[in-house]
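# Analysis of the macromolecular model
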Amino acid sequence: MGLRATRRVDDLLKSRHPYKAWLKKGVRYLQTDLIDPRLAAEPFDGETLAQYQKMFNVSAEERDEIIRVLAEDESEAVGSMGDDTPMPVLSKKVRSLYDYFRQQFAQVTNPPIDSLRESIVMSLQTQIGPEANIFVPAPQHAEQIVLSSPILSQRKLRQIVALAESGVPNEFIDLQYDEHLDLKTALLRVCDQAEAAVRQGKLVLLLSDRYLVKAKLPIHALLATGAVHHRLVATGLRCKCNILVETGTARDAHHFACLIGYGATAVYPYLAYQTLFDLMRQGVLKMEASARQELGRSYRRGIRKGLLKIMSKMGICTVAGYRSAQLFEIVGLGDEVVELCFEGTDSRIQGADFGDLKADSEYLARRAWDKTEPVEQGGLLKYMHNGEYHMYNPDVVATLQSAVMTGDYGQYQEFAGLVNNRPVSCIRDLLNLKAGAAPIPIEEVEPISAILARFDGAGMSLGALSPEAHEALAIAMNALGGRSNSGEGGEDPVRYGTEKNSKIKQVASGRFGVTPEYLINAEVLQIKIAQGAKPGEGGQLPGHKVNDMIARLRFARPGVGLISPPPHHDIYSIEDLAQLIFDLKQVNPKALVSVKLVAEPGVGTVAAGVAKAYADLITISGYDGGTGASPLSSIKYAGTPWELGLAETHQTLRANELRHRVRLQTDGGLKTGLDVIKAALIGAESFGFGTAPMVALGCKYLRICHLNNCATGIATQHNVLRSKYFVGLPEMVINYFKFVARECREIMASMGVRTLAELIGHTELLQISPGETSKQSKLDLKPVLANAALVSDKPQYCIDPHNQPFDRGALAEQMLADMRAAIDAKSGGKFSYPVNNFNRSIGARVSGEIARRWGNAGMSAAPLIVNLQGSAGQSFGVWNAGGLHLNLEGEANDYVGKGMAGGKIILKPHARSIFVARDTVIMGNTCLYGATGGELYAAGRAGERFAVRNSGALAVVEGTGDHCCEYMTGGVVCVLGTTGVNFGAGFTGGFAYVLDMERDFVDRYNHELIDIHRVSPEGMGTHVQHLRGLIEQHTEATGSAWGAQLLNDFRTYIGRFWVVKPKASAIDSLLENLRRAA
Amino acid sequence: MADKHLQFLDIPRKDPDKLRPEVRTKQFREIYSQYSAEAAAQQAGRCISCGNPFCEWKCPVHNYIPNWLALINDGKLFEAAELSHRTNSLPEMCGRICPQDRLCEGACTLNDGLGAVSIGAIEKYITDEAFRLGWKPDMSNVVRTAKRVAIVGAGPAGLACADVLVRNGVKPVVFDRYAKIGGLLTFGIPPFKLEKEVVEKRREIMEDMGVEFRLNVDVGRDIAFEQLAGEFDAVFLGMGTYNYVKGGFDGEDLPGVHEALPYLISNINRELGLERDGADFVDMKGKHVVVLGGGDTGMDCNRTAIRQGAASVSCTYRRDEANMPGSRRDYRNSKEEGVTFLFNRQPIEIVGVDRVQGVKLVETRLGPPGPRGRRVPEVVPGTEETIAADAVIIAFGFLPSPADWFESHKIDLHGNGRVRVSGAPQSRFQTTNPKIFAGGDMVRGSDLVVTAVFEGREAAEGILRHLGLRKEAS
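A brief report on the enclosed structure follows. Please read these numbers as outputs of a predicted model, since none were measured by experiment. (Residues numbered from 1 in each chain as written. Chains lettered and ligands numbered in written order. Predicted model: local features only at pLDDT ≥ 70, side-chain atom pairs only at ≥ 80, totals over all residues. Heavy atoms only, no water.)

## Some details on the overall build of chain B
Spelled out, the test is: For helices the rule is a DSSP run of H or I covering at least 4 residues; for strands it is a run of E covering at least 2, with both sets numbered from the N terminus onward. Each residue's exposure class comes from its accessible area (1.4 Å probe, protein chains only) as a fraction of the maximum for that residue type: buried when under 20%, exposed when over 50%, partly exposed otherwise. By the convention used here, residues are in contact when the closest approach between their heavy atoms is within 4.5 Å.
When its secondary structure is counted, chain B shows 18 helices and 16 strands. Principal-axis analysis of the C-alpha atoms places the extent of chain B at approximately 65 × 65 × 45 Å. The burial tally for chain B puts 58% of its 474 residues in the buried class. Once local pairs closer than 6 in sequence are excluded, the contacts in chain B between residues at least 24 apart make up 70%.

## Quick look at the overall build of chain A
Note the cut-off: All radius of gyration figures rest on C-alpha atoms, and the globule criterion is 2.2 Å times the number of residues raised to 0.38. The accessible surface values rely on the Shrake-Rupley method and a 1.4 Å probe; as for residues, cover is taken only from the protein chains in view. Counting rule applied: Lys, Arg positive; Asp, Glu negative; His and chain ends not counted. All charge positions are set by atom: Lys at NZ, Arg at CZ, Asp at CG, Glu at CD.
A tally of helices and strands in chain A yields 35 helices and 37 strands. Taking 31 Å as the expected radius of gyration for a compact globule of 1078 residues, we find that chain A reaches 30 Å, a close match to that expectation. The long-range share in chain A, meaning contacts at least 24 apart out of those at least 6 apart in sequence, stands at 69%. Summing over all exposed atoms, chain A offers an accessible surface of approximately 37500 Å²; the carbon and sulfur share of this is 52%. Between the centroid of the 114 positive side chains of chain A and the centroid of its 116 negative side chains there is a distance of 3 Å.

## So, a nonpolar patch on the surface
All names here are of chain A. Selection criterion: Only residues whose relative accessible area exceeds 30% and that form no salt bridge enter a patch; like-charged residues are grouped when within 9 Å of one another, and nonpolar side chains (Val, Leu, Ile, Met, Phe, Trp, Tyr) when within 5 Å. Throughout this description, the term salt bridge denotes a Lys or Arg side-chain nitrogen within 4 Å of a carboxyl oxygen of Asp or Glu.
Together, Ile120, Val121 and Val981 give the surface a local cluster of nonpolar side chains, amounting to about 220 Å² of exposed area. Summarising the element assignment, Val121 is placed in the loop between strand 3 (101-103) and strand 4 (126-128). Using a relative accessible area of 36% as the deciding quantity, one classes Val121 as partly exposed.

## Looking at the nonpolar core
Applied cut-off: Residues grouped as a nonpolar core are buried Ala, Val, Leu, Ile, Met, Phe, Trp, Tyr and Cys residues, joined through side-chain atoms within 4.5 Å.
In this structure, Phe101, Leu333, Phe342, Phe455, Leu597 and Tyr736 of chain A together with Leu237 of chain B are the most contacted members of the largest nonpolar core, which totals 354 residues. The element that contributes the greatest number of residues to this core is helix 28 (residues 730-751) of chain A, accounting for 13 residues. Residues in contact with Tyr736 of chain A, not counting those within four places in the same chain, are Leu400, Val404, Tyr412, Phe415, Leu670, Lys671, Thr672, Phe689, Ala692, Pro693 and Ala696 of chain A. Judged by nonpolar contacts, the second largest core, of 55 residues, contains Phe876, Ala931, Cys964 and Ile1010 of chain A.

## Describing the sheet that holds strand 14 (residues 391-394) of chain B
Residues and elements named next belong to chain B. Short version of the rule: Strand pairing is assigned whenever DSSP identifies at least 2 bridges connecting the two strands. Angles here are taken between N-to-C directions and fall from 0 to 180 degrees, while the axes themselves are lines fitted to C-alpha atoms, restricted in helices to the stretch in contact.
Taken together, the 5 strands give an open sheet; going across it, the order is 6-14-7-8-9, and neighbouring strands pair in parallel fashion. Every interior strand has two partners, whereas the edge strands, strand 6 (257-259) and strand 9 (340-342), have only one. Between one strand axis and the next, the sheet turns through 25° on average, direction left out of account. Across 5 bridges, the pairing between strand 7 (residues 288-292) and strand 8 (residues 312-316) is parallel. Considered in strand 8, the bridge of Leu292 is made with Thr316. On the sheet, helix 14 (residues 260-272) packs against strand 6 and strand 14 and is oriented at approximately 80° with respect to strand 6.

## Re the state of the cysteines
We apply this condition: In this description, the term disulfide denotes a pair of cysteine sulfurs within 2.5 Å.
Under the counting rule described, the total for this entry stands at 0 disulfides over all chains. The structure places no disulfide on Cys927 of chain A, whose sulfur is separated from the nearest cysteine sulfur, that of Cys964 of chain A, by 10 Å. With no disulfide of its own, Cys94 of chain B has Cys98 of chain B as its nearest cysteine by sulfur position, at a separation of 4.2 Å.

## Section: the pattern of salt bridges
Here the structure, examined in full by the defined rule, presents 94 salt bridges over all chains. When the shortest N-O distance is used, the salt bridge between Asp192 of chain A and Arg231 of chain A registers 2.8 Å. Of this pair, Asp192 of chain A sits in helix 6 (residues 183-199) while Arg231 of chain A sits in helix 7 (residues 221-234), and the two are 39 residues apart along the sequence. Take Asp192 of chain A: its relative accessible area is 41%, and that puts it in the partly exposed class. Across the salt bridge formed by Glu455 of chain B and Arg444 of chain B, the nearest N and O atoms sit 3.1 Å from each other. Highlighted residues: Glu455 of chain B in helix 18 (residues 449-466) and Arg444 of chain B in helix 17 (residues 441-444), separated in sequence by 11 residues. Within this structure, Lys18, Arg24, Lys193, Asp300, Arg303, Arg307, Asp330, Glu336 and Glu337 of chain B form a network of salt bridges that share partners.

## Description of the packing of aromatic side chains
Operational definition: The criterion for an aromatic pair is that two Phe, Tyr or Trp rings (for Trp, the six-membered ring) have centres within 6.5 Å, with stacked assigned to planes under 30 degrees apart, edge-to-face to planes over 60 apart and tilted to the rest. By the criterion adopted, a ring carries a charge over it if an Arg CZ or a Lys NZ lies within 6 Å of its centre and within 35 degrees of its normal.
Following the criterion strictly, the structure yields 40 aromatic pairs over all chains and no others. Relative to Trp57 of chain B, the ring of Phe54 of chain B lies with its centre 6.0 Å away and its plane at 85°, an arrangement referred to as edge-to-face. Within this pair, Phe54 of chain B and its partner Trp57 of chain B are both found in helix 4 (residues 54-58), separated by 3 residues, close to a single helical turn. We note that Phe54 of chain B, like Trp57 of chain B, is buried. Through a chain of ring-to-ring contacts, three or more aromatic side chains come together here, namely Phe101, Tyr262, Tyr322, Phe328 and Phe342 of chain A. When the ring centre of Phe582 of chain A is taken as reference, the NZ or CZ atom of Arg840 of chain A above it lies at 4.1 Å. When the ring centre of Trp1042 of chain A is taken as reference, the NZ or CZ atom of Arg918 of chain A above it lies at 3.7 Å.

## Topic: the pairing of strand 28 (residues 884-892) of chain A
All names here are of chain A. Burial runs high along strand 28: 8 of the 9 residues are buried. Two elements, strand 27 (residues 864-872) and strand 28, share 9 bridges in a ladder whose sense is parallel. Bridging from a neighbouring strand, Leu864 pairs with Leu884 of strand 28. Judged from the 5 bridges that link them, strand 28 and strand 29 (residues 904-908) form a sheet pairing that is parallel. In the sheet register, Asn887 faces strand 29, and the bridge partner there is Ile906.

## Section: the pairing of strand 11 (residues 356-369) of chain B
Residue and element names in this part refer to chain B. As paired strands, strand 10 (residues 345-352) and strand 11 are joined by 7 bridges and run antiparallel to one another. Residue pairing for strand 11: Pro347 is matched across the bridge by Leu361. Count of turn residues in the strand 10/strand 11 antiparallel hairpin: 3 residues. Pairing of strand 11 with strand 13 (residues 385-388) involves 4 bridges; the strand directions are antiparallel. Residue pairing in the sheet places Lys360 in a bridge with Thr386 of strand 13. Pairing geometry for strand 11 and strand 12 (residues 375-379), over 4 bridges, is antiparallel. Considered in strand 12, the bridge of Pro369 is made with Arg375. Turn length for the strand 11-strand 12 hairpin, with the two strands adjacent in sequence and antiparallel, is 5 residues, and the turn residue Gly373 shows positive phi of about 95°.

## Quick look at the environment of Val282 of chain B
Residue and element names in this part refer to chain B. Along the chain, Val282 falls in the loop between helix 14 and strand 7. Sequence-wise, Val282 and Phe131 are 151 residues apart; in three dimensions their C-alpha atoms are separated by 35 Å. When neighbours within four sequence positions are excluded, Val282 is seen to be in contact with His258, Tyr263, Ser266 and Gln308.

## Side note on the sheet that holds strand 11 (residues 264-268) of chain A
All names here are of chain A. Taken together, the 4 strands give an open sheet; going across it, the order is 6-8-10-11, and neighbouring strands pair in parallel fashion. The strands lining the two open edges of the sheet, one partner per strand, are strand 6 (170-174) and strand 11. Averaged over all pairs of adjacent strands, the angle between their axes in this sheet comes to 20°, without regard to strand direction.

## Digging into the interface of chain A and chain B
Counted only if it meets this: Joining two parts hides part of their accessible area as seen by a 1.4 Å probe, and the buried area is that hidden amount summed over both.
In this complex, chain A contributes 42 residues to the contact, which on the side of chain B involves 36 residues. Interface area, chain A with chain B, both sides summed: about 3200 Å², of which 56% is carbon and sulfur. At the surface where chain A touches chain B, the tally comes to 1 salt bridge. With a closest N to O distance of 3.4 Å, Lys700 of chain A and Asp112 of chain B form a salt bridge.

## Comments concerning helix 7 of chain A
Residues and elements named next belong to chain A. Put simply, the rule reads: A helix's residues, less one, multiplied by 1.5 Å, set its expected span.
Its 14 residues place the ends of helix 7 20 Å apart at the C-alpha level, agreeing with the 20 Å of an ideal helix rising 1.5 Å per residue. Of all 14 residues that make up helix 7, 12 are buried, and the element is covered over most of its length. Within helix 7, burial applies to Ala221, Leu222, Leu223, Ala224, Thr225, Gly226, Ala227, Val228, His229, His230, Arg231 and Leu232. Positive backbone phi, approximately 70°, marks Gly236, located one or two places after helix 7.

See the structure below:
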């Protein structure tokens, strides 16, 4: 009934006006020639190009490492490690204005999107034309010019400008201003011109810095775009016009995102094109002659991908939804700039004003017009002499390595001196310990063991790291009494219970190797919501790093790249996160559950939610964390300093009386004892270290982790490099952490403090230094120190040993009590319970105990058979272990069989139900997510994202929603009915059978990585047999009427089945692989 | 093709071919050949382009090494030459004579058993080949100013200073007391390490750029310093260090005992046909030679004596092999050419009646580190021995040799005779006389060519600021 009513309303609405005719008449598409040979119709000569490059601060490094890669690879350049340069406001170099803008990203409150695998929901379509009142339907709404993307080619820009004659009048607004004018006045003049033009009826405003003039300076296009946008909003004119930007400032995807985020409709990046043209002219680009013709198009493709990625980080699908949304945090611009140009954007610590920005462009202009000055070589991405300061420069790396190798504390002090006295590079460098406290003898300070217990390794996966390096870190942390972190990617079970066991086991979006046994062998279970180096993004382990061992631990196939999705598919809200925390606490009640977040505005609120969701530990990461591989623009432009995030979190938790319930950790570029002390003062009681211990092991910060050629044998799976050139020993890491703890003790003694706990949250012990530069001196860091102003009697650190969930899981405890003896005796048995939808994570408590006693599959031979009746709550059968068989009569909520490693789950409708089972949903969304084994039979349909990231489970269902089998790497999925769209995106292993009665599956699957084949009796006898066997098992287990019908008329139906498999797998090998896996 | 990223594993380091010892000791020509373009590209392609270029960091002039290696790998020779000259005024010489094993190549990430990238050989290849194919520094954008700067000394510091100045429109006039430019590059370093055509080529290039050389002019004798100071807008002093460190033992004045530099200069003068008086030439043919000192100069003396046909050459050094300061490459080459090394030996006397007959040595062992961190050798009592010698060369290093006119021009010195200069970024290498700048060995004490180049360049930046031609970054 409901459905029919909706359709009737739709019909009524769509027939009210001749919308289609309006569209046909009104919409104009700009001609797209496949090839636009005029990348730069008026090419700059070398001298002019250099002048523009100097004016807009394009270095040789940016040209070669960013712009060139975009055109050559049609995607953004990939890098590794983290951003170890100062934020632009702290820098002593002239940095791009765009660098002050940090992209916002979704964490917990809404999911990011995978713009690559789920491209069907993404769009960059852009319209030019006025926006009228949508409540008054009229043909004018359709008078739009439609562009496929907001990145303009020269031809398109020309076409738009030429439209003036056909009723799209435009106004050229020159961004050059007299160098004697101040920047604010110049901006106001631009705004005045824009406003007047729109009042005269101009539809397109073309802001341009294309024509440099001596003795004039260009207003930065982003300042102008933002200021004009806000002026037009304030004067009610905004919907009457579009802002186009012709600028030399836009080169990478982030630049475009900023311009569009502050109101630009489309951008013409002429300097990027000119630079590419010049590279082509020099013969530097490595590409076919024909491809050269399409250089601009290749570049735009790269930018488009980047733009989609930036939007998807916030979970936004269309560029129309991103435009003017201002989804950034500004770090380091003063109020006068923000108020005029970027009003409404978070900007918490002040910084550069118009005077500083003008001084920057004066400096650039002086160089631009001086022909003897060369184009800058660079230094922003990699250390370069006289370039930007790098916190892990060769001096720092070399001194640390020699200190840990010799074990000489004097050399460590030299290292600590280099770090602690570096030029201001981090916010904490502007916060000094107040002098004047009466020191105490060092013997009175707590021992280093107490401090070491607060140190954790940051998550670095086996896969990114070589096993030797990964194990060395684990051995070292265990010896010290700290904790190492497995990272995402599983852990070899032979390490469990030994000195090589990682006490922190990570649960990330890929759920690689997350089994009940893995979860049980942990003191801390860390849910990685985001990673400092690339928040809002997933990851990819390139195929060349997936050797046999990695494939085994991740339940995947060697040589095939592995994708970690941007979102956790079981966390789309804070309630979902609470559910995952509950799942983990059920399977391993002794473990602390930790949630890793990345600093951004509002992270305090998120953290308060996480604390209320019963996490025991929260990590706040800074932007400067490392990564094994990530687009460079993610490393550089997302996430904020942990100082801001930690301060906000600590203050929010205290203000909401939650601080005593959770431990608070910070990580991101921590190197010395002084870093630890400052982090404690801002509010952390625990400290994560990623890069520094890796450097101690011999990493030289080469930033080539993604290439598998790490010459130090750390971030590689290459046998020769690992065996011959890895020199790291756990002792080096141990030396490092002991040095750090020793330095902490010395500082504590000098402060007159006996325990680290006494320091936590005491921001009054910090004082703000005036800074070394004009920009630094304008920062306002008081918000970081605001904790001191909060009431003082509230706890500053965690007091509760566990953050006990409200739901005590009564049924689960009952089940375990009933089955305990059967588990201990490995004897199996039969049990029956009624179940209700408030009984969550049923089975996990038992699976955990099975895994603790017998491992993942240990009870398979003597199963516990559990018959349940009713509606199961969320996460039914989560982390199911071998030997646990759950038979449910009724239905289940989301996450059935999530992380299942073995055993069986059988769902059938209630015997007295009257609906048609195969048309009805019997389980919710995201079932079998990350499953590694076991079997699931369900007489009914599954919801969206069935078997996402399945890597070993066998499942038979009678229909699924969208995105079935996404990122699947193993196992078999048999769908006896219709699937939703985007079936099998990112599917690299295992296979599926799909019954296609409607003959439309070909439009429903994602063609990127998989292909489909008809099941036919000829030549595919084994598949026919296998499929029939699956349906028989299904029918037997569930009593499915549909299954019985299929078997009854199998010859008719067999030709309607597809085998779905990765393109990389041969069809004949599928069943062979299956046997081998079993 | 094999994985580009693993080229450093698949292709081993390969230095350019080297002449066999029995061939090379017959002549005073360079012993290394040049890479082919293919070999250079392949060797350059071994660079893994570290995120932390340790080579660049360790290089005293901070050459953009990974960047020009990438250009050579791409076959972009002229671009590489241009980039190489951005940071170094004499790359073809540094490529030949820098102790790369202690600098860039020593710091190379691949130097942990994988074989460092052959940076020095490629650096030499770049400029040699670019010159051969007609490349010249591009001076077309230079806007000439009216400023003129006098440079005293055409050694590495002076040449580097002139290079930076002329590229910024300032006219450098370089004075040198010798007939050729180069200072020690020409007269100190033997031709088997640096052929003099290379220095001549650099002279041509620099003259073409607008540098004026006034040779055979000894400032202070042939022309008064007042005249320079009055005539020019600024003066740069790059006069090196020429006082010899003495052994302080008996017999140093005996005939047959030579100081290193005059010995080397006399040999080069003969090679270059610049000899004024045949009597100046010191010939080691058929002699048993003992060289005292294990530095680079000592190595040069060893190998010169070998080439002159010495009957034997022994070299003594008071510390052990590992602590010897000279380039490892020169040490290896010396050994190949037949030099005998005596480590942990300290001379205490040169014996002989009316000419040298032998050197009395005593054994040493390394004691605790001294104030500068290096372990100080201690004499082992009762270990004296005398080895026979027909000639002894003393190569203990050099001390500053301040000119007598410094004081009257308010050029202050440190206690040990080094010239005192400013370290402030605004006035780099300015002496206590604001108009006069100085750099190189006379400022820092006897050191490498490449550090002199760096100081000359830095001083030029200081001069440009002093003349109001440069402003600081914001």
